[in-house]
Amino acid sequence: MNNIIVVLSGPSGAGKGTIYKEIAKEGNTYRYVSCTTRSPREGEVEGFDYEYISKQEFKEREDKGFFLETSLYDSNYYGTPIPDLDKHYPNDIFFDVNVEGGINIKKAFPNAILIYIIPPTIEELIKRMGDRGKGRIEIAKKEVEVAKKVYDYLVVNDNLQEAIKQVKKILEVERINKMKNSSNQDFLKNYY
């Protein structure tokens, strides 16, 4: 399988969704939409940003083994459905989850690429979070400490177009690296 599994993480307002939308314009991507028990924010789209469900529905799905990973964040539940990678082959598979979710996806898919996206300063993060920022800055600081240890890449989103270019470059490098470590090497050994 030549598709790449990509986890985009970062605090609210880091630009994960916007960066994914730009990458998706080029095609060959599929984004798994997480479920959440929180209410939609202004401008969010059901089915793109999240699947918004009740806490009861969330718990029922969790009990049935629907989720690859779940977490509690800011008093709301979030869960990533178990992906069917073959169904979406050859598309690159994207997940937009918090750091805990990214770690769990990496456990399930060791070849997953973890990219942490962050604004250039805490002040800029506070500005981007707006009303969402209350209580989330400390959560973001803790996530950064964990992400520094386990994530593969850090993209500082000071300029959106540059951040998009950086993520695209990461995907390009990882695709080349995957070629080096894939069954293509067996092919080369057998025929060349």
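Look above for the structure.
If you're wondering where the values come from, they're calculated on a predicted model, not measured in any experiment.

Draft legend 1. Expanded view of the overall build of the chain. From N to C terminus, the chain includes seven helices and nine strands. Contacts spanning at least 24 positions in sequence make up 67% of the contacts within the chain whose residues lie at least 6 apart. On the chain, roughly 10900 Å² of surface is accessible, and the fraction owed to carbon and sulfur atoms is 50%.

Draft legend 2. Expanded view of helix H5 (residues 136–150). Between its terminal C-alpha atoms H5 stretches 21 Å, which fits the 21 Å expected from 15 residues at 1.5 Å a residue. Every buried residue belonging to H5 is among Arg136, Ile137, Ala140, Glu143 and Ala147, and all of these are buried. Projected down its long axis, H5 shows its buried positions confined to an angular sector of 115 degrees, all on one face. Exposed residues on H5 whose side chains face more than 90 degrees from its buried face are Lys142, Lys148 and Lys149. Structurally, H5 contributes buried residues whose contacts are with strand E5 (67–73), strand E6 (76–81), helix H3 (99–108), strand E8 (113–118) and helix H4 (122–129).

Draft legend 3. Fine view of the sheet that holds strand E7 (residues 92–96). Reading across from one edge, E2-E7-E1-E8-E9 is the order of the five strands in this open sheet, with parallel pairing throughout. In this open sheet, the two strands that pair with only one neighbour each are strand E2 (29–32) and strand E9 (153–156). Put simply, the sheet's adjacent strands are angled 25 degrees from each other on average, direction ignored. The sheet contact formed by strand E1 (residues 5–9) and E7 spans four bridges and is parallel. Looking at the pairing, Val6 lines up with Phe94 of E7. Sitting on the sheet, H3 is in contact with E1, E7 and E8, with an inclination near 165 degrees to E1.

Draft legend 4. Highlighting the pairing of E5. For E5 and E6, the ladder comprises six bridges, and the chain directions are antiparallel. Looking at the pairing, Thr70 lines up with Gly79 of E6. Adjacent in sequence and paired antiparallel, E5 and E6 are bridged by two residues, among which Asp74 carries a positive phi angle near 55 degrees.

The rules we used
Residues numbered from 1 in each chain as written. Predicted model: local features only at pLDDT ≥ 70, side-chain atom pairs only at ≥ 80, totals over all residues. Heavy atoms only, no water. Helix = DSSP H or I, 4+ residues; strand = E, 2+ residues; numbered from the N terminus. Contact = heavy atoms within 4.5 Å. Areas by Shrake-Rupley, 256 points an atom, 1.4 Å probe, with all protein chains shown as cover. Expected span 1.5 Å × (residues − 1). Buried < 20%, exposed > 50% of the residue type's maximum accessible area, 1.4 Å probe, protein only. Arc of directions from axis to C-beta. Pairing = 2+ DSSP bridges. Axes fitted to C-alpha atoms, helices over the stretch in contact; angles between N-to-C directions.

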